[in-house]
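Topology and contacts: notes
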Amino acid sequence: KKACQLQIIPEEIETVKVIYDKFLETGSLTKTDAYLLKNRYETKKGNQFSRFAIKGILSNPVYMIADRDSFHYLSENKVDLFSEEQSFDGVHGIMAYNRTLQQQGKSQKIRPMEEWIVAVGKHCGVVEGKKWIQVQQLLGMNKSKNYRRPRSNVALL
C-alpha cells in the first residue's frame with residue numbers, strides 16, 4: 001500500500017490564513033464573507049466564497065497544527081486519537097476521519113467530535129492549535145444566532 005501526503009499550495013494556504021484571521025477579528029461568518037468578497041478572494045475554482053464554504057474551512061481540523069493545545073482539546077472532547085501525545089510535535093497537521101455523515105442526495109452532516117478518528121498527518125499544519133480552538137468556540141457561540149440573508153447588496157446611496 002502507498003501513503004498519500006497532502007501538499008501545501010502557497011496561494012491557497014494564504015487565503016486560509018486570511019479566513020482564520022478575519023474570522024477571529026470579526027467573530028462573524030457574514031463579515032468574513034463580506035471581506036473576502038470586497039477584496040476579491042476566490043475559491044480554487046474561481047468562485048466567490050460562500051458562508052458555508054468559509055465555515056467548512058474554519059471547522060476543518062486538517063489545517064490545525066498538531067501541538068500540545070490541540071492534543072488536550074481533542075482528548076477533552078473524547079476524540080478517538082491514533083497518535084501518541086509526543087507525535088503532537090507542533091509541526092505536522094491533523095488528519096480526521098469519520099467527521100461527516102454522508103448520505104446520497106443530502107448535504108454532508110458533521111458528526112459529533114466523539115465519533116471522529118484523528119491521527120497526526122505527514123503534512124505541515126497551518127493554524128496553531130490555540131487559534132483553531134478559539135475559532136471552534138466562536139463558531140459554537142454563533143450557532144445560537146439566526147442568520148438572516150441580506151435582501152440585496154444594493155444601497156440607496
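Residues numbered from 1 in each chain as written. Predicted model: local features only at pLDDT ≥ 70, side-chain atom pairs only at ≥ 80, totals over all residues. Heavy atoms only, no water.

**What to know about the pairing of strand S5 (residues 117-124)**
For the record, the criterion: Think of it this way: DSSP has to see at least two bridges between two strands before they count as a pair. Only runs of H or I of at least four residues qualify as helices and only runs of E of at least two qualify as strands under DSSP, and these elements are numbered from the N terminus.
Pairing of strand S1 (residues 80-81) with S5 involves 2 bridges; the strand directions are parallel. Bridge pairing in S5 places Asp 80 opposite Ile 117. Where strand S2 (residues 92-97) lies against S5, 5 bridges are found, and the strand directions are antiparallel. Counterpart to Ile 94 in the pairing with S5 is Val 120.

**Topic: the packing of aromatic side chains**
So the rule is basically this: Stacked, tilted and edge-to-face are the three classes applied to pairs of Phe, Tyr and Trp rings, where Trp contributes its six-membered ring and a pair requires centres within 6.5 Å; stacked means planes under 30 degrees apart, edge-to-face means over 60, and tilted covers the rest. Accessibility here uses a 1.4 Å probe with only protein chains present; expressed as a share of the type maximum, an area under 20% marks a residue as buried, one over 50% as exposed, and anything in between as partly exposed. Throughout this description, the term charge over a ring refers to an Arg CZ or Lys NZ atom that lies within 6 Å of the ring centre and within 35 degrees of the ring normal.
According to the stated counting rule, one finds 4 aromatic pairs in the structure shown. With a centroid separation of 5.1 Å and 70 degrees between ring planes, the pair formed by Phe 71 and Phe 88 is classed as edge-to-face. Of this pair, Phe 71 sits in helix H4 (residues 68-76) while Phe 88 sits in the loop between S1 and S2, placing them 17 residues apart in sequence. You'll find Phe 71 and Phe 88 in the same group, each marked buried. Directly above the ring of Tyr 35 sits Lys 22, whose terminal nitrogen or CZ lies 4.1 Å from the centroid. The cationic tip of Arg 99 hangs over the ring face of Trp 116; the distance from NZ or CZ to the ring centre is 5.4 Å.

**Some points on unusual backbone geometry**
Positive phi, close to 55 degrees, is recorded for Lys 78, a residue that is not glycine. Examined against the element boundaries, Lys 78 turns out to sit in the loop between H4 and S1. With a phi close to 60 degrees, Asn 98 is a non-glycine residue in the positive phi region. Position of Asn 98 relative to the elements: it lies in the loop between S2 and strand S3 (100-101).

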